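Chain and residue survey
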Amino acid sequence: MSSVSVPPPKCLQKPLSVPHRHMFGPGPSNVPPRILEAGANPVIGHMHPEIFEIMSDIKSGVQYMFQTQNSMTLAVSGTGHTAMECAIFNTVEPGENVLTAVNGIWGERAAEMAERIGARINTIVAPPGGFFTNVEIEQALSKYRPVLFFLAHGESSTGVLHPLDGIGQLCHKYNCLFLVDSVASMGGAPLYMDQQGIDILYTGSQKVLNAPPGTAPISFSERACQKIFNRRTKPVSFFLDLSCLVSCRQELIITSHHYISNSVAEYFHAGLESMGLKLFVKEKKARLPTVTTIVAPHGYDWKEITTYIMKTHNLEISGGLGPSVGMVLRVGLMGCNSSKANVDMVLAALKDALKHCHKSKV
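Residues numbered from 1 in each chain as written. Predicted model: local features only at pLDDT ≥ 70, side-chain atom pairs only at ≥ 80, totals over all residues. Heavy atoms only, no water.

1. Things to note about the overall build of the chain
Check the secondary structure of the chain and you find 11 helices and 14 strands. Relative to the compact-globule value of 21 Å for 362 residues, the chain shows a C-alpha radius of gyration of 22 Å, a close match. Along the first, second and third principal axes, the C-alpha atoms of the chain reach 70 × 60 × 45 Å. For the chain, buried positions account for 54% of its 362 residues. In the form shown here, the chain has an accessible surface area of approximately 17300 Å², with 56% of it arising from carbon and sulfur atoms. For the chain, the centre of its 31 positive side-chain charges and the centre of its 28 negative side-chain charges are spaced 7 Å apart. (Helix = DSSP H or I, 4+ residues; strand = E, 2+ residues; numbered from the N terminus. Rg over C-alpha atoms; globule rule 2.2 N^0.38 Å. Buried < 20%, exposed > 50% of the residue type's maximum accessible area, 1.4 Å probe, protein only. Areas by Shrake-Rupley, 256 points an atom, 1.4 Å probe, with all protein chains shown as cover. Lys, Arg positive; Asp, Glu negative; His and termini not counted. Charge placed at Lys NZ, Arg CZ, Asp CG, Glu CD.)

Structural data, given as C-alpha cells:
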C-alpha cells in the first residue's frame, strides 16, 4: 500500500479558537449561552422516539412564533435562501405567472429563483428605501394574475419594514398565494400569519432568533397545500420536495419574541440623528426595527468606517447590499443584542470612527 501523500494539516492539530465579537451587522447575531449549551446535547438517531417528540415541540414553537394553526409547519435544514426556494419550488410550475415586489435584493432573488424554474416573472419596483401601497399591489395582481406574490416583510438590504395588512385578502381575491419573507423581521416586529392572510411564511434562525445559522422555519396554509399537492409536475428539487420534507423536520431552538426591538430602534435612531447622521428610510412607519440603514456619511469611505470599527472596537456593522451598496451603513440590533447598552456601544464606535477616519474635502 502506498504511503499517505497528503499530510495532515497542521492547522487541524490544534484546538479551534473563535474570537468573541459584537455582531451588530444585519446577521448573523450573537448566540446566547443558553442556546449554545442546547446545541451541545447528545446526538441521537433520527428515528428514535425522542426525536419525534422534539419535532412535535418544534412545530408547536414555530406555530406560536408565526401565530398560525397551520398543520404544515416545520423547520427546513438550510438558510433563509433554502426556505425561499422551498416555497417557490413547491408552489410554482413552469409557465405560471409569479409577481414579486422588488424594493431591495430579496425581491430580486425571489424573481430569479422563479425564473430559473421556468415561471413567467412580473415585478413591481420601488426605489431603495421605498415600499408599495395596497392600491399598487392590487393593480399588479389584477394585471398579471399570478399564482404567487412574493413580498419581503423586513427588507434588510434597505432597512424597510413593509406594511402587510390587507395584502393577503387582496391576493385571495385574485386566487393568488401570498408568500412573505420574514428572515430579518420575525421576532423583532409584529407579524400574525393567520390573521394577515399569509399563505407561506418563512424566517431564518441566525438573526432575531439568536440561533446558529442553518435552520429555516416555514409554514404553509391549507390553500398553499392544495396548490402544492395538486401539481402536474414534480418540484425541481428532490431535497426540498415538501412531500418528503414533512417527514424530515429538523430541530430548532425557539426563542421568545423580542418586540422590545421597536423602542430600542427608536432610541438608536434618535442617537444617530443627534450625531448629525441621516436615516435612509424616510418614513418612520416603514423602518425595519431590527436592521437600521444609515445614509453613508458624506465625504467618508464606508469601507474604512466598518473596518476601523471592527479593528478598534471588535464590533461588526456592514455596508449596503444589492441596490443599497455604497449608499448606506447597516446596523443590526436583534434579539439579545437589542438593548440600549448596545446602542450606546454602537453610537460611541460610530462617533469614534467619524473622528479618526479620513474625510475628503470634496
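2. Quick look at the UniProt feature "modified residue: N6-(pyridoxal phosphate)lysine" (unreviewed entry) in the chain
When the UniProt feature table is mapped to this numbering, "modified residue: N6-(pyridoxal phosphate)lysine" (unreviewed entry) covers K207. Tracing the chain through its elements places K207 in the loop between β9 (200-202) and β10 (215-220). Each residue touching K207, except ones within four places of it in the same chain, is listed here: P26, G27, S29, V183, A184 and M334. (UniProt positions renumbered as here; feature names shortened; annotations may be inferred. Contact = heavy atoms within 4.5 Å.)

3. As for the packing of aromatic side chains
With the rule as written, the count across this model stands at one aromatic pair. Judged by centre distance (5.9 Å) and plane angle (10°), the rings of F149 and F178 are stacked. Taken as a pair, F149 in strand β5 (residues 148-152) and F178 in strand β8 (residues 177-181) lie far apart in primary sequence, 29 residues in all. On the accessibility criterion, F178 (0% relative accessible area) is buried. Directly above the aromatic system of Y267 lies the positively charged group of K340, at a separation of 5.1 Å from the ring centroid. (Phe/Tyr/Trp six-rings, centres within 6.5 Å; stacked < 30°, edge-to-face > 60°. Lys NZ or Arg CZ within 6 Å of the ring centre and 35° of its normal.)

4. Quick word on the nonpolar core
Judged by nonpolar contacts, the single largest core of 35 residues is most densely connected at I88, I218 and F220. Broken down by secondary-structure element, the contributors of at least two residues to this core are β2 (72-77), α3 (80-91), α4 (105-116), β5, β8, β9, β10 and α7 (222-228). Among the elements that take part in this core, α3 stands out by supplying six residues, more than any other. The contacts of F220, once residues within four sequence positions are left out, are N70, M72, C86, A87, M193, D199, I200, C225, I228 and L242. Formed by 29 residues, the second largest nonpolar core is a distinct cluster that contains F66, I124, L164 and F178. (Core = buried A, V, L, I, M, F, W, Y, C linked by side-chain atoms within 4.5 Å.)

5. Some points on the sheet that holds strand β14 (residues 328-332)
Here we have three strands laid out as an open sheet, ordered β11-β14-β13, and antiparallel in their pairing. Here the strands that pair on one side only, and so sit at the sheet edges, are β11 (291-295) and β13 (318-319). Where β13 meets β14, two bridges bridge the pair, whose relative direction is antiparallel. Residue pairing in the sheet places S318 in a bridge with R330 of β14. Across the face of the sheet, helix α9 (residues 261-274) comes into contact with β11 and β14 while running at roughly 10° to β11. (Pairing = 2+ DSSP bridges. Axes fitted to C-alpha atoms, helices over the stretch in contact; angles between N-to-C directions.)

6. Re the environment of I294
Relative to the elements of secondary structure, I294 occurs in strand β11. Put simply, I294 and M327 are 33 residues apart on the chain and 8.4 Å apart in space, counted from C-alpha to C-alpha. When near neighbours in sequence (up to four residues on either side) are disregarded, I294 contacts F268, L272, L277, K278, F280, M327, V328, L329, V331 and L350.

7. Focus: unusual backbone geometry
Cis geometry marks the peptide bond from G27 to P28, where omega comes out at 5°. Turning to its location among the elements, P28 is positioned in the loop between β1 (22-23) and α1 (33-38). The phi dihedral of R145 falls on the positive side, at around 50°, and the residue is not glycine. As for its position among the elements, R145 is in the loop between α5 (134-144) and β5. Overall, the relative accessible area of 49% leaves R145 in the partly exposed class. Its identity is not glycine, yet N175 carries a phi of approximately 55°, on the positive side. Within the secondary structure, N175 is located in the loop between α6 (167-173) and β8. A relative accessible area of 62% means that N175 is categorised as exposed.

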